[in-house]
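Take a look at the letters that make up each chain.
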Amino acid sequence: MKWTGLNELREKYLSFFESKNHTRMASANLIPQGDNSLLLINSGMAPLKKFFLGTETPPNVRVTTCQKCIRTPDIERVGKTARHGTYFEMLGNFSFGDYFKKEAIAWAWEFLTGVLEIPADRLWITIFESDDEAEQIWMNDIGIPKERIIRLGKADNFWEHGSGPCGPCSEIHFDRGESYGPFESFEQASDCDRVIEIWNLVFSQFDSDGNGNYAEMAHKNIDTGMGLERLACAMQGVDNLFEVDTVQNIMKHISRIAGVNYKDNEKSDISLRVITDHIRSTTFMVGDGVTASNTGRGYVLRRLLRRAARHGRLLGINEPFLYQVVDTVIDENKCAYPELEEKREYIKKLILNEEESFAKTVDAGMEILNKMLSNIEKGGMLSGEDAFKLSDTYGFPIDLTMEIAAEKGVSVDEEGFKKCVADARAIARADHDAKSGSSWDEDKMSNLDLPKTEFTGYDYSQLEIGAKVLAIFKDGEEINELSEGDDAVVILDRTPFYAESGGQVGDRGVITIGESRFSVTDTKKTSKGQYLHFGTMEMGGLGKGDSVTASVDSERRYAIMRNHTAAHLLQAALRKVLGDHVHQAGSYVDDERCRFDFSHFEAVTHEQLAEIEAIVNKDIFDAINVTMTEMPIDEAKKLGAMALFGEKYGDIVRVVEAKGISVEFCGGTHIDNTARLGLFKIIGENSVASGVRRIEAVTGSGVLKILTDAENRVRKAAQILKVGDMSQLEEKLSAVLESNKGLEKLNEALKKRIADGIFEEIIKNCREVNGIKVMANMLSNVGSDMYEKFADGVKNIEEPFILLMAGTADEKPKFLCACSKAAIAKGANAGKIVKAAAEITGGKGGGRPDMAMAGIGDKNKIDEAINAFDGIIAAFIK
């Protein structure tokens, strides 16, 4: 066997299985498509589950892939050992009811010993304890001695995941040699990592009901998985994934920035491994459309980036640096994943933005942590709740909290922290489970034994067509006919109704037969291509097999088409004004608006919005033809067609082009000329996530509606101000505002005179408690807007004085407490006094020693609080 680079190994594997009549499929996006049971793709099989389940048809019964994967259960172990990592690539060859054990075993052996030239005496085989068939193939067909075939139990050599397809496994193990220890037995050699598993062949031959019952499947499948980095370790003779060529080059870049070398110091080695692994994961995640957030996969991204940044600080790197390492990650992987090169600047910008954000978080977290620690004596403990608050609310890593606390001689309640984390996860998991169900569950109508629905709705002349009813569903069950008033789902053999997809809403309209009328309120489609028409039987009845007329609400459809085309023009304008880092991050188009989410890291200025709007409107006025063409994906890429982050495309794609302006992959419906948009108006811009902005806009009649609404508001304002000539409205408004300023000044002067008068009465009627003059009363005609004047009055009193007031003029009344400097010197504290008084009424509040306010809970208990005033004061006076 000879040294082989990781990229060469990947290509050798895929080419080998192509020679065995397998179709090479590109790695699926890390964001699962149509599978709510996963946060991120974590295995080679995961994106192909739909083929194993039969909900979709594979491009070939034989498939081979190299799949990007992310696994994070052991994230805290990454770096501390050289074995753990969050990112890896999984090589796999799959059979969907075609070949089985004999071929899978033979080809695995041929690839390892023939193509890679691994000596046979360095390979060991494990099989499921009762799989005699696999043993016979290994012994009789391949020639493996019986003593080199190890039988293991269900925990090691049987693959299953809840209910569904499952079966025994056969694993191929590699002996790394004497430098890893003696070989006394297979078990002993495996425990000391001399022998490592490199390839798992899963023979999916049973269907499990999840309760221990296994039925033999009529069509058996093959699912194999071989970790690319693990194989590279064997072929390159290195100890772990961090020493594999492409990964090591990434680590060397980090080492240059930090000024440290790998294997010089175990502490710095941990940080180098953490950063190397995490920057690989995050580069691929961002490249596949994941953006940083505080939930779901966005939180995984943020956590990995922040953990890497924190370890950069431990290496003495106090400036953003991860975005620089992205270049090396991309350079090492772009031969297999060219989309990384296309998105290089976007990936770097998002990661830099997150690094800068974390730098602020670290500083804020340090301040909060130091305050917490200042109240804990040496040898004490920081509570798990406080540690969790730092982590969950401020993004402050627990390991950093523990390290800083230890420097001050304070421990952290790890168990309490873990409990808080577990509680939070339990809540999130319960919510997730409620939404997703079992990982093998599918919707009742996603596996229908019906032909694909023929869609005619791209042709404007085909928005009303004849069709046949193939199936009717009511309350999830298939029925033969509908009666008036029934809510149901109708499936036709052909339809003009567009099904919700790609951010475009489903069509509405009617399905009729004679006088009978089924009102379609929404349209969706199954993964197998059947269109589901949701709606209500408004008149008459409808039966399975009926010949009907399907009619789309054409006015609504045209409005949707205008808004969808506007979204394409908007993206082109955004990239022109803001830069090429702008990519679509989501969209929603209906008949009323176009909502477009895009990657950008700061608010779009008013001037930029005006420029973007002007560019789109120029494109509209230029009356540019819009074409929609189906073509091979490679041809579309040559045209420069833009793809949507995270979207999976087939070999034939639909390309929408506004000549010279925009070329995009899109399956939606569009107008045929930009002039049909009429006008384009941006009505809002805001942030929806870290690094993601949103613009909402309207077109055509939507713009006219905005203009009409604005005109009506102006007319209404003119009527209120009694202005006959609209051109004089601005002058009248200025005069009214100037008049209001004068009234406000007069109002403030009157309030001061009233407050001064009330305060004089307070001074005259105060009493003395423990050498301090005090006054507590309730005033029904006083609101909190006058409190500041009373507080200023108390501050000007030189002798000890405390005021407690309950003004009830406001809808939500409050207590005021004010203390003079002399009173504070005797121990008075307005914040504590008002808090105690408010608690009697069920309210809350507090504040400074000289002035504080608190909400009043029950108004009926104000007298009780005022009567308790003397006792409250006595508790604080020295």
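Residues numbered from 1 in each chain as written. Predicted model: local features only at pLDDT ≥ 70, side-chain atom pairs only at ≥ 80, totals over all residues. Heavy atoms only, no water.

Novice: Give a description of the overall build of the protein chain that names residues and reports values.
Specialist: Counting its regular elements, the protein chain contains 26 helices and 35 strands. Projected onto its principal axes, the C-alpha positions of the protein chain cover 110 × 80 × 50 Å. In the protein chain, which comprises 878 residues, the proportion classed as buried is 51%. On the protein chain, roughly 41,000 Å² of surface is accessible, and the fraction owed to carbon and sulfur atoms is 48%. In the protein chain, which carries 107 positive and 138 negative side-chain charges, the distance between the mean positions of the two groups comes to 5 Å. (Helix = DSSP H or I, 4+ residues; strand = E, 2+ residues; numbered from the N terminus. Buried < 20%, exposed > 50% of the residue type's maximum accessible area, 1.4 Å probe, protein only. Areas by Shrake-Rupley, 256 points an atom, 1.4 Å probe, with all protein chains shown as cover. Lys, Arg positive; Asp, Glu negative; His and termini not counted. Charge placed at Lys NZ, Arg CZ, Asp CG, Glu CD.)

Novice: Any chance you could break down unusual backbone geometry for me, citing the residues and the numbers?
Specialist: Its identity as a non-glycine residue notwithstanding, N21 has a phi of 65°, on the positive side. Structurally, N21 is set in the loop between α1 (6–18) and β1 (23–25). With phi around 65°, D193 is a residue other than glycine that occupies positive phi space. Checked against the element boundaries, D193 lands in the loop between α6 (186–191) and β8 (195–208). Given the relative accessible area of 18%, D193 is considered buried.

Novice: So what about the pairing of β8? Which residues, and what values?
Specialist: By the criterion of burial, β8 is predominantly enclosed, with 12 of the 14 residues buried. Here strand β7 (residues 164–175) runs beside β8; their pairing, made up of 10 bridges, is antiparallel. Each bridged residue has a counterpart across the sheet, and for S170 the counterpart in β8 is L201. Summarising the sheet, β8 and strand β9 (residues 214–227) pair through 8 bridges and their orientation is antiparallel. In the strand pairing of β9, F206 is matched with E216. The hairpin formed by β8 and β9 contains 5 residues between the paired strands, and G210 there has a positive phi angle of roughly 85°. (Pairing = 2+ DSSP bridges.)

Novice: Could you give an account of the pairing of strand β5 (residues 149–152), naming the residues involved and the relevant values?
Specialist: Bridging between strand β4 (residues 123–128) and β5 involves 4 bridges; their strand directions are parallel. Looking across to β5, one finds that I127 is bridged to R151. You can see the chain leave β4, run along helix α4 (residues 132–142) and come back into β5, and the turn it takes is right-handed. (Right-handed = clockwise from strand over helix to strand, strands pointing away.)

Novice: Now, about the sheet that holds strand β23 (residues 584–589): what can you tell me, with residues and values included?
Specialist: The strand order across the open sheet formed by 4 strands is β23-β24-β29-β28, and the pairing between neighbours is antiparallel. Only two strands of the sheet have a single neighbouring strand rather than two, namely β23 and β28 (680–689). Taking the axes of each pair of neighbouring strands and ignoring which way they run, one obtains an average angle of 15° across the sheet. The pairing of β28 with strand β29 (residues 692–699) spans 8 bridges and is antiparallel. Bridge assignment links I682 to a residue of β29, and that residue is A697. Where helix α20 (residues 701–720) meets the sheet, it contacts β28 and β29, and its direction lies at approximately 85° from that of β29. (Axes fitted to C-alpha atoms, helices over the stretch in contact; angles between N-to-C directions. Contact = heavy atoms within 4.5 Å.)

Novice: Tell me about the pattern of salt bridges, and please be specific about residues and values.
Specialist: Evaluation of the coordinates by the stated rule reveals 55 salt bridges. For K12, the salt bridge identified is with E8, shortest N-O distance 3.8 Å. Taken together, the residues K12 and E8, both in helix α1 and 4 residues apart, mark about one turn of the helix. By relative accessible area, K12 is classed as partly exposed at 25%. Using a relative accessible area of 42% as the deciding quantity, one classes E8 as partly exposed. Residue R24 pairs with E11 through a salt bridge whose shortest N-O separation is 2.8 Å. (Salt bridge = Lys/Arg side-chain N within 4 Å of Asp/Glu carboxyl O.)

Novice: Before we move on, can you summarise the sheet that holds strand β34 (residues 845–847) with the specific residues and values?
Specialist: Strand order in the open sheet made by the 6 strands is β30-β31-β32-β33-β35-β34, with mixed pairing throughout. With one partner strand each, in any of the chains shown, β30 (767–769) and β34 form the two edges of the open sheet. Averaged over all neighbouring strand pairs, the angle between strand axes comes to 20°, with direction disregarded. Looking at chain direction, strand β32 (residues 801–807) and strand β33 (residues 814–819) are connected through 6 bridges and run antiparallel. Considered in β33, the bridge of M805 is made with L816. Its contacts with the sheet put helix α24 (residues 830–841) on β32, β33, β34 and β35 (851–855), and the angle it makes with β33 is roughly 155°.

Novice: Requested: an account of the packing of aromatic side chains, with residues and values cited.
Specialist: This model, assessed by the stated rule, comprises 28 aromatic pairs. Between W124 and F186, the ring centres sit 5.9 Å apart and the planes meet at 40°, which makes this aromatic pair tilted. Of this pair, W124 sits in strand β4 while F186 sits in helix α6, and the two are 62 residues apart along the sequence. Each member of the pair, W124 as well as F186, carries the same accessibility label: buried. Within the aromatic cluster, the residues linked to one another by ring pairs are Y13, F16, F17, F111 and W199. Its guanidinium or amino end placed over the ring of F158, K154 lies 5.4 Å from that ring's centre, counting from NZ or CZ. The ring of Y458 has R654 lying over it, and the distance from NZ or CZ to the ring centre is 3.5 Å. (Phe/Tyr/Trp six-rings, centres within 6.5 Å; stacked < 30°, edge-to-face > 60°. Lys NZ or Arg CZ within 6 Å of the ring centre and 35° of its normal.)

Novice: I'd love a proper account of the packing of helix α8 (residues 245–258) against helix α11 (residues 322–333), names of residues and values included.
Specialist: In helix packing, the relevant descriptors are the interaxial angle and the interaxial distance, both defined with respect to the helix axes. Direction vectors running N to C along α8 and α11 enclose 160°, while the axes themselves pass 9 Å from each other. What the angle tells us is that α8 and α11 run roughly antiparallel. Between α8 and α11 the crossing geometry is right-handed. Contact with α8, carried on its side by T246, N249, I250, H253, I254 and I257, involves Q324, V325, T328, V329 and E332 of α11 and no other residues of that element. Of the residues belonging to the contact of α8 with α11, the class tally is 5 nonpolar, 5 polar and 1 charged. (Parallel < 35°, antiparallel > 145°, perpendicular 65-115°, else oblique. Left-handed = near helix turned anticlockwise from the far one by under 90°. Nonpolar A, V, L, I, M, F, W, Y, C, P; charged D, E, K, R; others polar.)

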